[in-house]
There are 2 protein chains.
Amino acid sequence: MTHAFRRAGFPTIADVAEHAEVSPATVSRVMNGRFAGEESVADRVRASATALGYRPSHLARSLALGRTGAIALVVPDLGNPAFQAVLAGLTRAAASDGYRVLVADSTESPGDEPDLASEVRHRCDALVLCAPRMPDDRLAALDAELSPLVLVNRERAGVPSVGIDYAGGIAQLAEHLIGLGHEHLAYVAGPEASVSDRHRRRGLDRVRESNPGVSIHELPGGATTDDGRRAADNVRQTGATAVLAFNDLVAIGLIDGLSALGVRVPDDVSVTGFDDVPFARYTAPALTTAAVPHERLGADAWDRMRALLRGEAPAPDELLPASVVVRASSGPRLRA
Amino acid sequence: MTHAFRRAGFPTIADVAEHAEVSPATVSRVMNGRFAGEESVADRVRASATALGYRPSHLARSLALGRTGAIALVVPDLGNPAFQAVLAGLTRAAASDGYRVLVADSTESPGDEPDLASEVRHRCDALVLCAPRMPDDRLAALDAELSPLVLVNRERAGVPSVGIDYAGGIAQLAEHLIGLGHEHLAYVAGPEASVSDRHRRRGLDRVRESNPGVSIHELPGGATTDDGRRAADNVRQTGATAVLAFNDLVAIGLIDGLSALGVRVPDDVSVTGFDDVPFARYTAPALTTAAVPHERLGADAWDRMRALLRGEAPAPDELLPASVVVRASSGPRLRA
DNA sequence: CCGCGTCGAGAAAGCGCTTTCTCGCCAGGA
DNA sequence: TCCTGGCGAGAAAGCGCTTTCTCGACGCGG
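Overview of the structure. Just so it is clear, the model here is predicted, and its values are computed rather than measured.

### Some details on the protein's contact with DNA strand D
The environment of DNA strand D is made up of 28 residues, and the closest members are Ile13(A), Ser28(A), Tyr54(A), Arg61(A) and Thr26(B). Protein-adjacent atoms of DNA strand D, using a 4 Å cutoff, are sugar or phosphate at a proportion of 71%. Ile13(A) places a polar main-chain atom, nitrogen or oxygen, 2.2 Å from a phosphate oxygen of DNA strand D. Between DNA strand D and Arg29(A), the relevant distance is 3.3 Å, taken from a base oxygen to a side-chain nitrogen or oxygen of the residue.

Put into structure tokens, the structure is as follows:
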């Protein structure tokens, strides 16, 4: 407290060195446990550091070391619990190797997601990118620059990725509904150009092939509760007795919208979600959905990332399965 | 693509300078729009930068500039939509001044929250701290080091802060329940040592004073749905006809737990939450709660922060009001 | 008694960028 | 013709830290 600092800011390694009457090199070594000399010197350095309230500058350290000890995660919507789970899994896995995770959310401006990705990437050592809506060509233009890079829910040659088998999951949900006697289904789709939406549609195509008597009407939707609520009227007009929503948020909004229109779930219409977010079990009625191992997804993404950072070969791309969870929002077809 | 880079990594400003046959200084100026010389030179530099795929190192730039252009936000639980809203508000406000927000979540290890805060602080220019459970003395030991610092939901002399009037909010909720005829209330408390929990208790004390005939039983709880569910049995045993939960998550879990015990909400017991998270309207029954302007909280935090960063005097501390939202989870006292 | 090995700690370069200072050059006025 | 002023662009220092290299001092064997 009795010492003047160089700038308005924090004391630097030079201040500590001066205070302890040693060289900056010695302070550095002491602070990093690489000091081999006399214990009394080390003690003096530590005492000075404490006295001055010294904190090493991460910035300078990172620059000198060439590594920051942090990786970036870009997600389209942190408000979606599914991505929070990915974040949690990634953070935990990375922490066990001494890495921090910095999150950036592109909700506000999907348009400059590439910029966002590029910027946060350059604050960190690597990037885990979850950008379902980014056009392929934008991604192609970026992937070299973003490297080391791991993709979530999206594939690209030369870039390790982990993902969910949305096609299989939605197919299972559809089969579940078909098994309940439904023949006229509707699908409230995800955001335009969403890769995982394309996967779901592909899964639905397979269902159509193996169930010739079943129709699946596709409707525009989105990824949020509001999108779901807006789709309610469209859904009613299709006359479908069962609806597959893009994800749980859409399903929740949709159920709410249907209720407002006097349509009962599941008596009049069955509704399913996707993701099994924590709230899915608390909705009215509780949501039938496909459970997705999101934390595992995050952990496995780190697995690839660690290999990349070590210069090893990452594990092959992986597609984790989703599993149907039947709750109260789906039921047998009742109306003639 | 035909050029070898110095390290395995990205081309540096020196590479661009060499390629364009100018000095690094000129490249720097061109890249930052501070270049005043001949346009042809600037063009050459830009061309070289593009050709090499040059991206300025944020790290080096920050070190040289003494500012990173980012601020850190530490929250206790990103899984809680309330904190997501704060994040959203802060991010948006900061973005309008050209700042990015980096989030860190201390869910995993509340114990080293101080370390976390200190570390992310030193990656950024400033810190917005939302750490309701950090002991006062730990905070006191830290606040100089963390400066510039803005606190959320917690006050400290000399540190700007913004917060919610939890005392007033919970008092209004209690009055609402009392108005419905309830006389035996219970409060499922928040985490031990949570500052905002203390505020709520204080609000309840005021209610007790002005309503001598009313009892409010305090029960241990927590901040998550699981904590709420665990409290269900305790709640039933108190015989209370109305329960104030620490927040919406706890309320949701509690309602679920009560249902499992055969207790109906609101017929047997009324339940209220706090925060009005987006899901509160979708629960069964829809949750009576206190709406909190979380985004505003984030925006106002930035307001203080901006002043701090500019060396101006921040606006005085503020306590935003919460407002009761009556939905279906609270109803008149029915049982004798 | 000299030289060599060893050990403790400092000097200095370098990480990639910014910015002040400086310098060379050219045009214009005396 | 000479000097001054201004302008375009480079040299170099510096941001705070790490690390290689270096050097002086000490202790030991020959």
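Structure's up, so let's keep going.
### Details of the side chain of Glu318(B)
Residues and elements named next belong to chain B. Here glutamate 318 is to be found in strand β11 (residues 318–320). Note on glutamate 318: relative accessible area 18%, which makes it buried. Sequence-distant contacts of glutamate 318, defined by excluding residues within four places in its chain, comprise Ser161, Val162, Gly163, Arg296, Asp300 and Arg304.

### Points about the sheet that holds strand β6 (residues 184–188) of chain A
All names here are of chain A. Read across the sheet, four strands follow the order β7-β6-β8-β9 without closing on themselves; strand pairing throughout is parallel. Each edge of the sheet is formed by a strand with only one pairing partner; in this case those strands are β7 (215–219) and β9 (270–272). Sheet twist, expressed as the mean angle between neighbouring strand axes with direction ignored, is 20°. Sheet topology note: the β6/strand β8 (residues 242–245) ladder contains four bridges and is parallel. Opposite valine 188, over in β8, you have alanine 245 as the bridge partner. Where helix α8 (residues 166–179) meets the sheet, it contacts β6, β8 and β9, and its direction lies at approximately 170° from that of β8.

### Regarding the interface of chain A and chain B
Accessible area lost on assembly of the parts is the figure often given for the size of an interface. Counting from both sides, the interface comprises 43 residues of chain A and, opposite them, 42 residues of chain B. Buried surface at the junction of chain A and chain B, summed over both partners, amounts to about 4100 Å²; 60% is from carbon and sulfur atoms. The interface formed by chain A and chain B holds six salt bridges in total. Between Asp256(B) and Arg281(A) there is a salt bridge, and its shortest N-O distance comes to 3.2 Å. For the pair chain A and chain B, the interface holds 13 residue pairs in polar contact (both at pLDDT 80 or more). Mapped onto the side of chain A that touches chain B, the elements with two or more residues apiece are α4 (58–65), α5 (81–95), β2 (100–105), α6 (113–121), α7 (136–146), α10 (225–238) and α11 (248–260) of chain A. Top element by residues in the side of chain A that touches chain B is α4(A). It accounts for five residues. Taken together, the residues of the side of chain A that touches chain B break down into 18 nonpolar, 13 polar and 12 charged.

Rules of the game
- Here the residue numbers are simple positions, counted from 1 along each chain's written sequence.
- Throughout, the order in which chains and ligands are written sets their labels, letters from A for the former and numbers from 1 for the latter.
- Per-residue local features are limited, in this predicted model, to residues with pLDDT of at least 70; the limit for side-chain atom pairs, both in listing and counting, is 80 or more; totals at the level of whole chains, interfaces and linings are taken over all residues.
- Computation of side-chain values: all heavy atoms of the structure, hydrogens and water removed.
- For this purpose, a residue is taken to be near a molecule or strand whenever a single non-hydrogen atom of the residue falls within 4 Å of it.
- Here a polar contact is recorded for every N or O atom pair within 3.5 Å, except that within protein the pair must consist of a potential hydrogen donor and a potential acceptor, and residues adjacent in sequence are included only if both atoms are side-chain atoms.
- Put simply, DSSP marks the helices as runs of H or I at least four residues long and the strands as runs of E at least two long, and each gets a number from the N terminus on.
- Each residue is placed in one exposure class: buried if its accessible area under a 1.4 Å probe, protein chains only, is under 20% of its type's maximum, exposed if it is over 50%, and partly exposed if it falls in between.
- Working rule for contacts: check all heavy atoms of both residues, and any pair within 4.5 Å makes them a contact.
- Whether two strands pair comes down to DSSP finding at least two bridges between them.
- Orientation is described by lines fitted to C-alpha atoms, with helices fitted over the stretch in contact, and by angles between N-to-C directions that extend from 0 to 180 degrees.
- As used here, buried area is the combined drop in accessible area, with a 1.4 Å probe, of two parts when they are placed together.
- When a carboxyl oxygen of Asp or Glu lies within 4 Å of a side-chain nitrogen of Lys or Arg, that pair is called a salt bridge.
- In the scheme used here, Gly and all other residues not listed as nonpolar or charged are polar, with Ala, Val, Leu, Ile, Met, Phe, Trp, Tyr, Cys and Pro taken as nonpolar and Asp, Glu, Lys and Arg as charged.

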